[in-house]
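Structural overview for review
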Amino acid sequence: MSKLALAAHAPNVHAIRGAFVGRANVLRALAAANGVELVFHVPDGSADLALSALAPHSIDAASQAGPVDVWFTADSLGALVPLMAVADATTPASCLAHGFPGALRQHNWFVRLILNNPRPFDAVVCHSQAARSALINSVEMARAWIAAQTGSSPEFRARVAVIPGCVDTEALTPGPRDPARRKLGITPTAMLLVWIGRIAQDKSDLTALVRVVARIRRRVPSLELVIAGTAEASECARLSKLAANAGVGPAVHLMLSPSEGAKLDLLRAADLLVATSEGAEEGFGLTLVEAMATGLPVVASDWSAYREVLAHGEAGFLVPTFTIPARAASLPFAADDVADTVRFAKRSGTDPQLLEETICRVLADSHMRHQMRDAARQRAVALYSAPAVAREYVRLWEELACLAHANPALPSRPPRWEGCMEHFATLKVGPTTVLGPVPDGLTCDVALDGNSGEIPTSANRFLGFLRKRGGLCTFADLCAAEMTCDPDYELAIAWLVRHGLVRLGQTGDFGPLRGA
C-alpha cells in the first residue's frame, strides 16, 4: 500500500486529553512515517488540542480529508463499539486496550462488543501478551455468559494484536547524576531509590515498601526513597506518618504531580527504580520503560506484563508476586469498579523478603548497575521508541486494510438502536430528503465564539457546500460528495436546521434562491 490514510477518532475533548495527547509519541512518529496520512475526527471541535500535541508535524483535520483506510481510537476498549458505528461497512476499526477496568464494567464492555459482531479486519491492540491473554479470556467468559442467557453466542472474529507502548527516547535520555540531584535537593552521596506512579491502594501497597526501606537502612544508612506521583492528601499524610513511625521520616520524600522535567531529573538522579505494584492486572509497564530509556536499572514486581518489558537479569530484576484466590462463594462483581479493583489489589502482593534482598544486591554492585544501565537504554530504544512502535501499527493497519479490501461482502453489524424510534418524528429523513435554503441563511457563517462547544465545527463546511450546490442538495448528494465521512455531520445538519439556517423538505418545497 503506497499510502495509508488513518483516521484517529476520539468522541470528545476528554478522550483527546486522555488518549491522543497522552500517546503523542506514537502519533508523532506516525505523522512522520512515509506513506501515512494521519487525520483527526473529533465531533466536539477539539481537534486543535490533538494537533497541538503533535506539532511540528502537519496533520489535517478530518473536515479536510477524504475517505480513510483505517479508523483508530486510543481512548479505551469501550470506545471500539462507537467507533465501529462511525466507520463504514468496509473500513477497519481498531482500538487500543491500554488497561482493564473493574470486573463489572469489563463484563459489560465485552458483552456489548461481542453482540456488535466485529469483523475479521477490525482489531483490538494490547500492549503485551499478558494483556492479550487477559482480553481473550474476558471475551470467552462473556461469550459463555451470552450463551447461558440465550442458548448461543456470536463468534468473536476481531484480531487481537500486541503492540507495546512507547516513550520518547529522544527526550528521555541518560544524563549526569549530580546536577539532577542538586535540582532535587538530594545528597550527592545518598543511595537513591525512586518509586513513580499513581499513589493509591489499588496500585501499590507503599506501606510494605517503606518498611522494606526501613530494614535496608540498617545496612545502608545512606539509603533514601522518593515516592513520586499523584495522590490524595489523606494518602500522603498516611505515608508520612508511617515513615516517621518506622524511623525513616527524613529519608522518605514525597514528590506530588511532578512535571516531565522533574521526573526526568529524578530518573537521572536515582540509583534504582523500584516498581512494586499490587495491580495484578498491569497491562504494560510504562514507568519501567521510561526508567530504562534513561539508563536506570529496575527492580519490579514479577507480573507477567512487567516480565515482558524488563528481561530479568538484563535491565533489572523481577521479584516474585502472589495473588490469593477469591472465596468460591464471593459474588462475581463488587458493587462498583473501584471497590472491585481495590479488593483484587489487596489480595495480591510482592514478596517483601526477596524484594529487600534484590534491592541490596543491586545497590552493593556498582559494576552490575553500570552494565544494566547500558542494557536498559538499548532495550528501550530498540523495542519501545516511537519509531519502532509506529512501524508495528503501520504494519497492522496495512494488513487490516488489505483484508477488508479482499472481503467486502462480510455480514453487516446489527442495526443502530435508534431505528426502533424512527417513527417518532414527523419527517423521516432519507436519501431523497432535500436540504434547502432559508432567507439569508446561506449568506452568513456560524460564529464559533464562546459557544464553540455547542456548535459542530463542520457547520460552516456544510453551508459552504450548499452555496456551491446553488442552495439545494439531497442527502444522497452529501453521501456522493463524501460529506458524510465527517463523523458529526448529522449533528451539524441538525444544528443548522434547528437554528433556521437551512431547512428540510422535498424538491418541490423550495423556490429559487434569493438573488439567483
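Every chain is numbered on its own, with residues counted from 1 as its sequence reads. pLDDT decides what is reported in this predicted model: residues at 70 or higher carry local features, side-chain atom pairs at 80 or more are listed and counted, and totals for whole chains, interfaces and linings draw on all residues regardless. Excluded from the side-chain calculation are hydrogens and water; included are all heavy atoms of the structure.

1. A word on the confidence of the model for the protein
Keep this limit in mind: Each residue carries a pLDDT value, the predictor's own confidence for that position, ranging from 0 to 100. In this description, contact between two residues means that some pair of their heavy atoms is separated by no more than 4.5 Å.
Mean pLDDT over the protein stands at 78; residues scoring 70 or higher make up 70%. A low-confidence stretch, residues 10-22 stays under pLDDT 50, and its non-local contacts, those more than four residues away or across chains, total 32 contacts. Predicted confidence is poor over residues 448-453, with pLDDT under 50, and the contacts of this stretch with residues over four places away or in other chains come to two contacts.

2. So, the environment of Pro 325
Note the cut-off: Only DSSP runs of H or I covering at least 4 residues are called helices, and only runs of E covering at least 2 are called strands; the numbering of each starts at the N terminus. Only protein chains enter the calculation, and the probe is 1.4 Å; a residue is then buried if its accessible area is under 20% of its type maximum, exposed if over 50%, and partly exposed in between.
Mapping Pro 325 onto the fold places it in the loop between strand 14 (321-323) and helix 13 (337-346). Accessibility expressed as a relative area gives 66% for Pro 325, which makes it exposed. Expressed as a C-alpha distance, the spacing of Pro 325 and Arg 347, which sit 22 residues apart in the sequence, is 7.5 Å.

3. A word on the sheet that holds strand 18 (residues 502-505)
Convention followed: The pairing criterion is simple: DSSP has to find at least two bridges between the two strands.
In spatial order, the strands read 17-16-18; together these three strands make up an open sheet with antiparallel pairing. The outermost strands of the open sheet, each flanked by one partner alone, are strand 17 (473-474) and strand 18. Pairing of strand 16 (residues 434-437) with strand 17 involves two bridges; the strand directions are antiparallel. When the bridges of strand 17 are listed, Leu 435 appears paired with Cys 473.

4. Considerations on helix 16 (residues 386-406)
Which entries qualify depends on this criterion: Expected span, for any helix, means 1.5 Å times one less than how many residues it has.
Taking 1.5 Å per residue, 21 residues should reach 30 Å; helix 16 reaches 30 Å between its end C-alpha atoms and fits that length. Among the residues of helix 16, those classed as buried are Ala 386, Ala 388, Val 389, Ala 390, Tyr 393, Val 394, Leu 396, Trp 397, Leu 400, Ala 401 and Ala 404.

5. Considerations on the pairing of strand 5 (residues 93-96)
Remark: a regular strand shows side chains that alternate across the two faces of the sheet. Of the two faces of strand 5, both are covered, the one formed by Ala 93 and Cys 95 as well as the one formed by Ser 94 and Leu 96. By the bridge criterion, three bridges tie strand 4 (residues 70-73) to strand 5 in an arrangement that is parallel. Bridge pairing in strand 5 links Thr 73 to Cys 95. In this structure, strand 5 lies alongside strand 6 (residues 123-126), joined through three bridges in parallel fashion. Of the residues in strand 6, the one forming a bridge with Cys 95 is Val 124.

6. A short note on the side chain of Arg 119
Stated formally: Distance and chemistry together define a polar contact, namely a pair of N or O atoms within 3.5 Å, with one atom able to donate a hydrogen and the other to accept it when in protein, and with adjacent residues in sequence counting only for side-chain atoms on both sides.
Mapped onto the elements of the fold, Arg 119 is located in the loop between helix 5 (103-115) and strand 6. We classify Arg 119 as buried; its relative accessible area is 2%. Within polar-contact distance, the side chain of Arg 119 engages the side chain of Asp 122 at 2.7 Å.

7. Quick notes on helix 11 (residues 286-293)
Counting buried residues along helix 11, seven of its eight residues qualify, which places the element largely inside the surrounding structure. Summarising the contacts, the buried residues of helix 11 are in contact with strand 8 (191-196), helix 10 (260-269), strand 11 (272-275), strand 12 (298-301), helix 12 (304-310) and helix 15 (366-384). Gly 295, located one to two residues past helix 11, shows a positive phi value of around 80 degrees.

8. Observations regarding the pattern of salt bridges
For clarity, the threshold we go by: When a carboxyl oxygen of Asp or Glu lies within 4 Å of a side-chain nitrogen of Lys or Arg, that pair is called a salt bridge.
What the rule picks out here adds up to 15 salt bridges. The residue Arg 177 makes a salt bridge to Asp 178 at a minimum N-O spacing of 3.9 Å. In this structure Arg 177 comes out as partly exposed when scored by relative accessible area, which is 30%. Between Arg 181 and Asp 271 there is a salt bridge whose closest N-O contact spans 2.9 Å. Of this pair, Arg 181 sits in helix 7 (residues 177-184) while Asp 271 sits in the loop between helix 10 and strand 11, and the two are 90 residues apart along the sequence. Through salt bridges with shared partners, a single ionic network connects Arg 177, Asp 178, Arg 181 and Asp 271.

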